[in-house]
Amino acid sequence: MFQQAPPALGNQYHDDRVLRSYLARVLPADVLRDVEESLVEMGRLAGGELYELQLADRLNEPTLTQWDAWGNRVDKIELTPLWRVAERIAAEHGVVATAYEQRHGSLSRVHQCALAYLFTPSTDIYSCPLAMTDGAARTLLTSGNQKLIERAVPHLITRDPQQFWTAGQWMTELTGGSDVGLSETVAKEVDGQFRLYGRKWFTSAISSQIALTLARPEGNPPGGRGLALFYLETRDDDGHPRNIVINRLKDKLGTRKVPTAELTLDGTPAQLVRGPTDGVRNIAPLLNITRLWNGISAVSLMRRGVALASDYARKRVAFGAPLSEKPLHRDTLATLEAETEAAFHLAFYVAELTGRSETGEISEEDALLLRVLTPVMKLITGKQAVVVASEVLEMFGGAGYVEDTGLPVLLRDSQVLPIWEGTTNVLALDTLRVKHGLKQIEAAVARCLDDVGDPRLANAARIARSALDHASSWLSTTDQPTLEAGARRFALTLGRTMELALLIKYAHWSNEHESARRFATSAIDFIVDHDGL
Ligand SMILES: Cc1cc2nc3c(=O)[nH]c(=O)nc-3n(C[C@H](O)[C@H](O)[C@H](O)COP(=O)(O)OP(=O)(O)OC[C@H]3O[C@@H](n4cnc5c(N)ncnc54)[C@H](O)[C@@H]3O)c2cc1C
């Protein structure tokens, strides 16, 4: 009887042509030699033990136990076996720590993102607590609050699993996740100690030891400026929540291993991170880091889908030959590869800029470029991840729709990427707000294209330049409603143009032109002229 061989994964570092080739381009040879062992090991885990554990853990979900047998409120969270292993491996392999140890200066951020990229697709969004942990470490370090830095940062960036803490980020309330200025949580100061009262509506990775959150000190004005950024520790030494009631865990479409809770803060002790106002501004370093993680996660899930679909195409036979020999199936796969590669280069470019900004080796222009590319990269890669995941499932036919193949979770988990850490529209409006953002992207695109004289890439370069020209002429309008209405099309155009330019630069360096040429034939320019609507 016929038996279908399932898709399989090898060492996810060795098998990733794009990652290896990219690292060979951006890392000096001695740095690559130094970091490669850690990537080979993470690639082995991701394609081996962790992947097997992920498949075995498929039906497990975190649980909330609100009461013990004797009527005490305990609000205990139990994680699944995969997540418990993921936490240990993340700490031991420095998936957060690498960025702070800075063995290779600004390039440590690239190294860390490569580790996260390999680790993420086999650990069912354990990237979520890691992203917030990384963001909390960066925010505390930026705050200059020495007491909190000494108290928490060593735990957030340690490699010792026994000492390792993760962080939550509690912003969203019922009143709004985008418009957090509406937050209702109040901070009351009694005898020099702040206590928080309010309801937080989405709090992911509620098993974390600490959280950064927003609350309004009594007497502060309404709006974002009147909020302050607070640090709190979630449980006392006996493991009891510190005046925090976990009302329930969310029943979500995806990210089901992530315990996302609704909370009531009922006098939770908290400390100001950096002054009694401007909380939204002060939490920005955290959001920049979690948005970078969002992009890296998006690319990593795309890459996982493509890896599985490519392997399956070699094994699945239809109409007399493996799918991998069918021109149309190959063409579809190549399109997914091009999308993935484009997203990869943009996400890692933002990692490079982030690394340089963290070590102070960034010019004023590139700091502005990072400011505009962070939301652009987050929004475009989130959208690409959903499209690629959906197409990957179809590449498996009916099997892609069947849960115990482990494939549908790719689509469900990808769908969160455009929503959390800023929705597409909210980030598009943010992109529009960055003064001279377009100018910086124009300069960055020009740098990518300047040395590329190869006629085989000329058409792709022309498409990139023309899309930017179109965006620039569109931006000249001063009509605010028109600008707002077109913000998404503007941001998508900037994102795909930057991706195309990076692909072209890379194609020129590597002499591998397929993805750049193919990506250039996809939609790059989304701008609709003002008289077109
Ligand atoms: C699985 C999951 C986990 C989460 N974990 C956390 C967490 O740990 N911590 C946390 O703080 N939050 C978390 N969130 C919340 C998430 O960040 C918010 O859901 C998100 O920011 C959107 O906020 P909202 O749900 O209030 O939607 P709204 O702000 O009500 O937005 C609704 C829609 O309106 C659009 N919109 C809003 N303003 C505008 C505008 N000016 N112009 C055009 N369109 C606009 C948005 O794009 C969106 O499409 C999580 C969400 C999910 C799904």
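Check the entry above for the structure.
First, a word on scope: everything that follows refers to the structure included in this document. Just so it is clear, the structure is predicted and the values come from calculations on it, not from any experiment. Here the residue numbering is sequential within each chain, running from 1 through the sequence in written order. In keeping with the model being predicted, local features are shown solely for residues with a pLDDT of at least 70 and side-chain atom pairs are shown and tallied solely at 80 or more, while totals for entire chains, interfaces and linings include all residues. Calculated side-chain values reflect all of the structure's heavy atoms, with hydrogen atoms and water omitted.

## Overview of the overall build of the chain
Next up, step 1: Helix and strand definitions follow DSSP, with helices as H or I runs of at least four residues and strands as E runs of at least two, each counted in order from the N terminus. Summing up its helical and strand segments, the chain has 18 helices and 11 strands in all.
Next up, step 2: Radius of gyration here uses only the C-alpha atoms, and the compact-globule reference equals 2.2 Å multiplied by the residue count raised to the power 0.38. Computed over the C-alpha atoms, the radius of gyration of the chain is 23 Å, within 12% of the 24 Å expected from 2.2 N^0.38 for a compact globule of 533 residues.
Next up, step 3: Residue contacts follow a heavy-atom distance rule, with two residues in contact if any of their heavy atoms lie within 4.5 Å. A separation of at least 24 residues holds for 76% of the contacts in the chain among residues at least 6 apart in sequence.
Next up, step 4: Surface accessibility of the chain: about 22,400 Å² in total, with carbon and sulfur atoms responsible for 51%.
Next up, step 5: Positive charges come from Lys and Arg, negative ones from Asp and Glu, while His and the chain ends are left out of the count. By convention, the point assigned to a charge is CZ for Arg, NZ for Lys, CD for Glu and CG for Asp. Placing the 57 positive and 67 negative side-chain charges of the chain at their respective mean positions leaves the two points 1 Å apart. In this description, accessible areas are obtained by the Shrake-Rupley approach with a 1.4 Å probe, and a residue is regarded as covered only by the protein chains that are shown.

## A word on the pattern of salt bridges
Pairing is possible between side chains that carry opposite charge, provided their charged atoms lie close to one another.
Next up, step 1: One side-chain nitrogen of Lys or Arg within 4 Å of one carboxyl oxygen of Asp or Glu is enough to make a salt bridge. Taken as a whole, this structure holds 35 salt bridges when the rule is applied.
Next up, step 2: Here Asp57 makes a salt bridge to Lys257, at a shortest N to O gap of 3.1 Å. Residue Asp57 is located in the loop between helix 3 (49-56) and strand 1 (63-67), and its partner Lys257 is located in the loop between strand 8 (244-249) and strand 9 (261-272); the two are separated by 200 residues in the primary sequence.
Next up, step 3: With a closest N to O distance of 3.5 Å, Lys76 and Glu78 form a salt bridge.
Next up, step 4: Relative accessibility thresholds used throughout: buried, under 20% of the residue-type maximum; exposed, over 50%; partly exposed, between the two (1.4 Å probe, protein chains only). Judged by relative accessible area, which is 46%, Lys76 ranks as partly exposed.
Next up, step 5: Since its relative accessible area comes to 38%, Glu78 is described here as partly exposed.
Next up, step 6: The network of salt bridges with common partners includes Arg109, Asp134, Arg138 and Glu358.

## Examining the layout of surface pockets
Next up, step 1: Here a cavity denotes grid points, spaced 1 Å and computed from the protein atoms alone, that fit a 1.4 Å probe unable to get out, and a pocket denotes an open set having protein on both sides within 12 Å along at least 5 of 7 lines; residues with an atom within 4 Å of a point are the lining. Grid points are joined across faces, edges and corners, and a volume is the space filled by probe spheres set on the points. Looking at the second largest pocket, its volume works out to about 580 Å³.
Next up, step 2: Forming the walls of the second largest pocket are 21 residues, and the residues nearest its centre are Ser207, Ser208, Gln209, Arg235 and Gly239.
Next up, step 3: At the level of elements, strand 2 (73-78) and helix 4 (81-92) are the ones that each hand at least two residues to the lining of the second largest pocket.
Next up, step 4: Among the elements that line the lining of the second largest pocket, the one with the most residues is strand 2, at 4 residues.
Next up, step 5: For this classification, the nonpolar set comprises Ala, Val, Leu, Ile, Met, Phe, Trp, Tyr, Cys and Pro, the charged set comprises Asp, Glu, Lys and Arg, and every other residue, Gly included, is treated as polar. Tallied by class, the residues present in the lining of the second largest pocket amount to 5 nonpolar, 6 polar and 10 charged.

## Points about the nonpolar core
Next up, step 1: Of all hydrophobic cores here, the largest spans 166 residues; its most connected members are Phe119, Leu140, Leu373 and Met498.
Next up, step 2: Per-element accounting of this core gives the leading share, 16 residues, to helix 10 (residues 284-315). What is meant by a nonpolar core is a set of buried Ala, Val, Leu, Ile, Met, Phe, Trp, Tyr and Cys residues, joined one to another through side-chain atoms within 4.5 Å.

## Observations regarding the environment of Asn294
Next up, step 1: Tracing the chain through its elements places Asn294 in helix 10.
Next up, step 2: C-alpha separation for the pair Asn294 and Ala351, spaced 57 residues apart in sequence, amounts to 12 Å.
Next up, step 3: Once you skip the residues sitting within four places of it in the chain, Asn294 turns out to touch Lys378, Leu417, Trp420 and Glu421.

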